[in-house]
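# Coordinate analysis (summary)
Listed below are the residues making up each chain.
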Amino acid sequence: MPDRFSVHLDRAMVTQAVIAEVGPVPDIPAERVAAHEQRKTDIRTKQAAADAANTVHRVRQAQNDEQWRALWLKLRSWYAVAKVTAPAEARAGLSGIDTSMGYTPAHARRRAEQTRAALSAFPADYSATGLTSVQLAAAIDGMLAAEEAEETLLAAWRNANAALKDADTALDKENKALYQILVASFPEGSPQRSVIDGIPTTTPSARSAPTILPPTG
């Protein structure tokens, strides 16, 4: 769990323990304590959702990368044959394919799109490296659809992570509010105040929090 969320959860648990120990506080009714507890649960639920969304996206990303590599090899082989065996009128469209790029998923996608455009001029039954124009077009379309699915999963992860951050911000705000009420409710030097002083007040921004960044490419 990212450090920032751990800090706020830890503070929430200590705060609730302190409230239970110092006794009833008029400005902290039972329903507010219950709502505070629910915020803790919400953080854990949203953390699990964000972690799951991140895992699903990364699995699909790895699968797509493997499939892009396989398609990349097919595109290169197909081009090598097509530039010397395709009908002249179809061969002209191959000039729109950039053959200078080394492999990356982004380059593979671009070359697939360029090849897909060139295929519009090829006879449906033209075949190279065991693939007809129709079959190669279908393989490209399928891979582009898989790429769109990956983007959808990335958006889902970002949304889940945003929801987690919002819940974390809400818990942090309530932690601070409860602390201020507790401090105002008991004078310095009282037994209750010494317990309240045990609530951690280090701000998360002062600590190094690892961040999961969305992939690029």
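Further up the page is the structure itself.
Owing to the predicted nature of the structure, the values given are computational and were not obtained by experimental measurement.

Bringing helix H4 (residues 105-119) into the picture now. Under the 1.5 Å per step criterion, the end-to-end length of H4 is 21 Å for 15 residues, consistent within 8% with the ideal 21 Å. Buried residues of H4: Ala 108, Arg 111, Ala 112, Gln 114, Thr 115, Ala 118 and Leu 119, and no others. Down the axis of H4, the buried set is contained in an arc of 165°. They therefore lie on one face.

Moving on: the packing of H4 against helix H5 (residues 133-185). Closest axis-to-axis distance for the H4/H5 pair is 10 Å, and the angle between their directions is 145°. H5 is crossed by H4, and the crossing has left-handed handedness. In contact with Arg 109, Ala 112, Glu 113, Thr 115, Arg 116 and Leu 119 of H4, H5 contributes Ser 133, Leu 136, Ala 137, Ile 140, Asp 141, Leu 144 and Glu 147. Here the contact of H4 with H5 is composed, by residue class, of six nonpolar, two polar and five charged.

With that settled, consider the environment of Leu 164. As for its placement among the helices and strands, Leu 164 is situated in helix H5. Distance from Leu 164 to Arg 44, taken between C-alpha atoms, is 8.7 Å for residues 120 residues apart in sequence. When sequence neighbours within four positions are dropped, the list of residues in contact with Leu 164 reads Phe 5, Ile 43, Lys 46, Gln 47 and Ala 50.

Here we take up the packing of aromatic side chains. Tallying each qualifying case throughout the model produces four aromatic pairs. Plain terms: the ring middles of Trp 78 and Tyr 126 are 6.4 Å apart, the flat faces sit at 85° to each other, and that makes the pair edge-to-face. Highlighted residues: Trp 78 in helix H2 (residues 30-85) and Tyr 126 in the loop between H4 and strand E1 (127-128), separated in sequence by 48 residues. Of the two residues, Trp 78 and Tyr 126, neither departs from the other in class, the shared state being buried.

This next bit is on unusual backbone geometry. Leaving glycine out, the prevailing phi sign among residues is negative, and the prevailing peptide bond configuration is trans. For Thr 129, which is not a glycine, the phi torsion comes out positive at approximately 50°. Mapped onto the elements, Thr 129 comes out in the loop between E1 and strand E2 (131-132).

Okay, the side chain of Lys 40 next. With respect to the helices and strands, the residue Lys 40 is situated in helix H2. Look at Lys 40 and you get buried, because its relative accessible area is 7%. In contact with Lys 40, not counting residues within four places along its chain, are Leu 9, Ala 12, Met 13, Gln 16 and Leu 171.

The next subject is the environment of Pro 24. Considering the arrangement of structural elements, one finds Pro 24 in the loop between helix H1 (3-22) and H2. As for Pro 24 and Glu 66, which are separated by 42 residues in sequence, their C-alpha atoms are 60 Å apart.

If you look at the biggest cluster of nonpolar residues, it comprises 26 residues, and the most contacted ones within it are Trp 78, Leu 94, Phe 122 and Ile 140. Elements supplying a minimum of two residues to this core: H2, H4 and H5. Excluding anything up to four places from it in sequence, Ile 140 contacts Leu 71, Leu 75, Ala 112, Thr 115, Arg 116 and Leu 119. Ranked by size, the runner-up nonpolar core spans 13 residues in total, among them Val 22, Val 25, Val 183 and Ile 196.

This next bit is on the environment of Ser 120. One can find Ser 120 in the loop between H4 and E1. Note: C-alpha distance between Ser 120 and Ala 137 (17 residues apart in sequence) is 9.1 Å. There is a polar contact of 2.7 Å between the side chain of Ser 120 and the backbone oxygen of Ala 117.

In this section: the pattern of salt bridges. Per the counting criterion, the structure on display carries nine salt bridges. Glu 174 is the partner of Arg 32 in a salt bridge, and the nearest nitrogen-oxygen pair spans 2.7 Å. In this pair, Arg 32 sits in helix H2 while Glu 174 sits in helix H5, placing the two residues 142 residues apart along the sequence. Here Arg 193 ties to Glu 188 by a salt bridge, and the two come within 3.9 Å at their closest N and O atoms.

Below, the discussion takes up the packing of H2 against H4. Interaxial distance between H2 and H4 falls to 10 Å at its minimum, and their mutual angle equals 45°. When the axes of H2 and H4 are compared, the pair comes out oblique. Two packed elements cross with a definite hand, and for H2 against H4 that hand is left-handed. Contacts between H2 and H4 involve Asp 65, Trp 68, Leu 71, Trp 72, Leu 75, Arg 76, Trp 78 and Tyr 79 from the former and Pro 105, His 107, Ala 108, Arg 109, Arg 111, Ala 112, Thr 115 and Leu 119 from the latter. Taken together, the residues of the contact of H2 with H4 break down into ten nonpolar, two polar and four charged.

Thresholds applied
- Residues numbered from 1 in each chain as written.
- Predicted model: local features only at pLDDT ≥ 70, side-chain atom pairs only at ≥ 80, totals over all residues.
- Heavy atoms only, no water.
- Helix = DSSP H or I, 4+ residues; strand = E, 2+ residues; numbered from the N terminus.
- Expected span 1.5 Å × (residues − 1).
- Buried < 20%, exposed > 50% of the residue type's maximum accessible area, 1.4 Å probe, protein only.
- Arc of directions from axis to C-beta.
- Axes fitted to C-alpha atoms, helices over the stretch in contact; angles between N-to-C directions.
- Left-handed = near helix turned anticlockwise from the far one by under 90°.
- Contact = heavy atoms within 4.5 Å.
- Nonpolar A, V, L, I, M, F, W, Y, C, P; charged D, E, K, R; others polar.
- Phe/Tyr/Trp six-rings, centres within 6.5 Å; stacked < 30°, edge-to-face > 60°.
- Core = buried A, V, L, I, M, F, W, Y, C linked by side-chain atoms within 4.5 Å.
- Polar contact = N/O pair within 3.5 Å; in protein donor to acceptor, adjacent residues only side chain to side chain.
- Salt bridge = Lys/Arg side-chain N within 4 Å of Asp/Glu carboxyl O.
- Parallel < 35°, antiparallel > 145°, perpendicular 65-115°, else oblique.

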